[in-house]
Amino acid sequence: MAEKIRVLLAKPGLDGHDRGVRVIAAAFRDAGFEVIYTGLRQTPEMIVSAAIQEDVDAIGVSILSGAHMTLFPAIRKLLDERQADDIVLFGGGIIPDEDIAALEKRGVARLFTPGATTEETIAFVREAVSKRGKKEDIM
Amino acid sequence: MFEKRFLDNVTDRKKRWNRDAQAVSTGKTRPRFITVSGEEIKDLYTPNDIAGLNYDEKIGFPGEYPYTRGVHHTMYRSRLWTMRQFSGMGTPKQTNERYHYLLNNGQTGLSVAFDLPTLMGYDSDHARSLGEVGKCGVAVDSLADMEIIFDGINLGNVSTSMTINAPASILLAMYMAVAEKQGVPFEKLRGTLQNDILKEYIAQKEWIYPPEPSIRLITDLMEFCTNHVPQWNTISISGYHIREAGSTAAQELAFTLADGFAYIEAAIRAGQDVDKFAPRLSFFFNAHQDFFEEIAKYRAARRIFARRMKEKFKAKQERSWLLRFHTQTAGCSLTAQQPENNIMRTAFEALSAVLGGTQSLHTNSMDETLALPSEKAVLIALRTQQIIAHETGVANTIDPLAGSYLVEAMTEKMEADAEAYLQEIEDRGGVLKCIEDGFFQREIANAAYRYQKEIEKKERIIVGINDYVMRDEKLEIPILKIDEQVEKDQCAFVKKVREDRDNDKVRRTLDDLVACAKGNGNTLKAILDCVRVYATEGEICDALRPVFGEYVEPPII
């Protein structure tokens, strides 16, 4: 029996739109994940430190302010610097397609936009985390 | 409302009709018939559903207590609602250009959107502003920016709404300082500040200070405006954000009214006369998609407010009893998929606001789930209002849905549900206690989760999301992008402002403000002195932060 998947949900930047992240938190809990929600206005530094401290499998970042091109790369960079690159980084928000493509190239595993279902998000996390597990076994 | 014999007859016929309807029924188009808020709706409403309604007490006439049918005697026959598109982006100069564009196209009021650093009280060059400058609205650091935003616009001739909350006093002070420079007296200024901090703790979450000092800033502002800026609407008590965060219609109504009553109580406690300040309070509601439910919400809102103002707060002036409101169509109802469909969604929502008797209206642009609206999208949104006003005929008569068995029954139900919430809030110790305990936040989060589950279970169909989906859809509308250069330019500009001004004067006025905040002086007056000498928003907030403290949200699961 696999251990419970642990996910840190985070809201960086200044925007306070937390409807989406709260819905995701509730859905993840119902799906049996362990969820840690950071609350609002976390810096990339705070998010990465919390993720490492809580030993999570994945970080889900919600941004609706338009600052995604600054904040996602900052989080990715810190994860890599601290050898925490096994943590799956994904996110959601109002993010134009071209930015999604650019961010996915820069190490964000997946970005969900308005209209995504909680089910797809849950399925994504399960799969991404289990794949990552296999990679670790081989290593 | 009706004679008993007539009602008995209707009851009998309804029973027969029910049988016949069941006999010919070929099934159900949906598993449950519920409103957007999850309320069950009956198949048919009849006089029996409003049998207990007293026309004089509950419905009455427009412009007369309890104002269910509208706050004015003549409503849109003598004056249409104000068409007010909320906008602002990038630099002050870009925003100024957009305002000239909107005014030249027949818009009748301005509405300023500020960027997140401005909403949170940080200057553009603050570390926390990184990546956010000019993104969700226009960046304002000092009076110099406001001078540019309103360049070529006579503040004596427009009404301006400013969506700003925690630092509202500062932005109003800047607006007043621009007016001074234009030679426009404060008495001639017309407009609205959002200035509703309670809903920030509840839903929108752009706060700076804890509730108590925040409320003092608000009551100081109310007092100053009563005496010096008499035409200014001092607070726009907002349900919009509560609804966007996922609440039901009844929650939006009740939580917003509860906030409004809390401000009124605070101002009365501060020694102000209810009839002096109440006429300058206004409300701001969301127009969501459930057509009749929304109309019921606006009608119930007026009725509850009038009764409380008259009976509980003992306001004597009729003007104090009127719930005047602005409406914005529901951003959260828009879809990123097939975004052109948002034009129709917005039109229906706008129509409900008009049928509900709104005083002003913002119609969302089709592209707002993707980015800030493009010029073309904004124009279509504005044209939507003009079509409703001039082509559909709905503005010809006042409160046309009054007397509808459904609408009157829903208005009654909405009122009862809101009253029950108001009672619960009181029983739980009032608005501030409920914020502290996370009551509102929890109720809203639960409603949002239920709504999402209804969509995922297909109990609720959203076109383009869980039905009528188009695979491999190609986006064919223009997307506005904010150039990363905006942030650099704005940072350079605020640095230059700090170099060019008289820094001794800035220091002195900021010291005076701190002394005022520690004592009992009027904070808005002191802030006005600071902005006149180009103290920045961030500097003013930083002066107040140690005095007032900073708010930390209680953890809510």
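Procedures and definitions
Residues numbered from 1 in each chain as written. Chains lettered and ligands numbered in written order. Predicted model: local features only at pLDDT ≥ 70, side-chain atom pairs only at ≥ 80, totals over all residues. Heavy atoms only, no water. Helix = DSSP H or I, 4+ residues; strand = E, 2+ residues; numbered from the N terminus. Rg over C-alpha atoms; globule rule 2.2 N^0.38 Å. Buried < 20%, exposed > 50% of the residue type's maximum accessible area, 1.4 Å probe, protein only. Contact = heavy atoms within 4.5 Å. Areas by Shrake-Rupley, 256 points an atom, 1.4 Å probe, with all protein chains shown as cover. Pairing = 2+ DSSP bridges. Expected span 1.5 Å × (residues − 1). Arc of directions from axis to C-beta. Phe/Tyr/Trp six-rings, centres within 6.5 Å; stacked < 30°, edge-to-face > 60°. Lys NZ or Arg CZ within 6 Å of the ring centre and 35° of its normal.

Our focus in this paragraph is the overall build of chain A. Looking only at helices and strands, one finds 5 helices and 5 strands in chain A. In chain A, the succession of α and β elements from N to C terminus is β-α-β-α-β-α-β-α-β-α. Expected size for 139 residues packed as a compact globule is a radius of gyration near 14 Å; at 14 Å, chain A falls within 12% of this value. Dimensions along the principal axes, computed over C-alpha positions, put chain A at roughly 40 × 35 × 25 Å. Evaluated residue by residue, chain A yields a buried proportion of 53% over its 139 residues. Long-range pairs, those at least 24 residues apart, make up 70% of the contacts in chain A with a sequence separation of at least 6. About 6,300 Å² of surface is accessible on chain A, with carbon and sulfur atoms providing 52% of the total.

Glancing now at the sheet that holds strand β10 (residues 360-362) of chain B. Read across the open sheet, the 5 strands follow the order β1-β10-β9-β8-β7 (chain B); overall the sheet is parallel. Where the open sheet ends on each side, the last strands, each with one partner, are β1 (82-83) and β7 (235-238) of chain B.

A few words now on helix α19 (residues 503-518) of chain B. All names here are of chain B. Under the 1.5 Å per step criterion, the end-to-end length of α19 is 23 Å for 16 residues, consistent within 8% with the ideal 22 Å. Restricting attention to buried positions, one finds in α19 the residues Val506, Thr509, Leu510, Leu513, Val514, Cys516 and Ala517. In an axial view of α19, the angular spread of the buried residues amounts to 160°, which keeps them on one side of the axis. Of the exposed residues in α19, those oriented more than 90 degrees away from the buried face are Arg508, Asp511, Ala515 and Lys518. Against α8 (211-228), α20 (523-532) and α21 (537-548) lie the buried residues of α19.

Here we take up the packing of aromatic side chains. Summed over all chains, the structure comprises 29 aromatic pairs over all chains. Seen in terms of ring centroids, B:Phe150 and B:Tyr175 are 5.1 Å apart; in terms of plane orientation they differ by 85°. Their pairing is edge-to-face. Pair noted here: B:Phe150 is in the loop between α5 (143-149) and β4 (159-163) and B:Tyr175 is in helix α6 (residues 168-182), with a separation of 25 residues, a long-range link. The buried category is assigned to B:Phe150, whose relative accessible area is 1%. The class for B:Tyr175 is buried, based on a relative accessible area of 0%. With centroids separated by 5.8 Å and ring planes inclined at 40°, the aromatic side chains of B:Phe261 and B:Phe313 adopt a geometry described as tilted. With B:Phe261 in helix α10 (residues 249-269) and B:Phe313 in the loop between α12 (291-312) and β9 (325-329), the pair connects residues that are 52 residues apart, well separated along the chain. A relative accessible area of 8% places B:Phe313 in the buried class. Connected via pairs of aromatic rings, a cluster forms that spans B:Phe261, B:Phe283, B:Phe285, B:Tyr298, B:Phe305, B:Phe313 and B:Phe325. Looking at A:Arg41, its charged tip hangs above the ring of B:Trp207, at a distance of 5.4 Å from the centre. For the cation-ring pair, B:Lys310 lies above B:Tyr65, with the distance from its terminal atom to the ring centre recorded as 4.3 Å.

A few words on the side chain of A:Thr121. All names here are of chain A. Secondary-structure assignment places Thr121 in helix α5 (residues 118-138). For Thr121, a relative accessible area of 4% gives the class buried. The contacts of Thr121, once residues within four sequence positions are left out, are Ile24, Phe28, Phe90 and Phe112.

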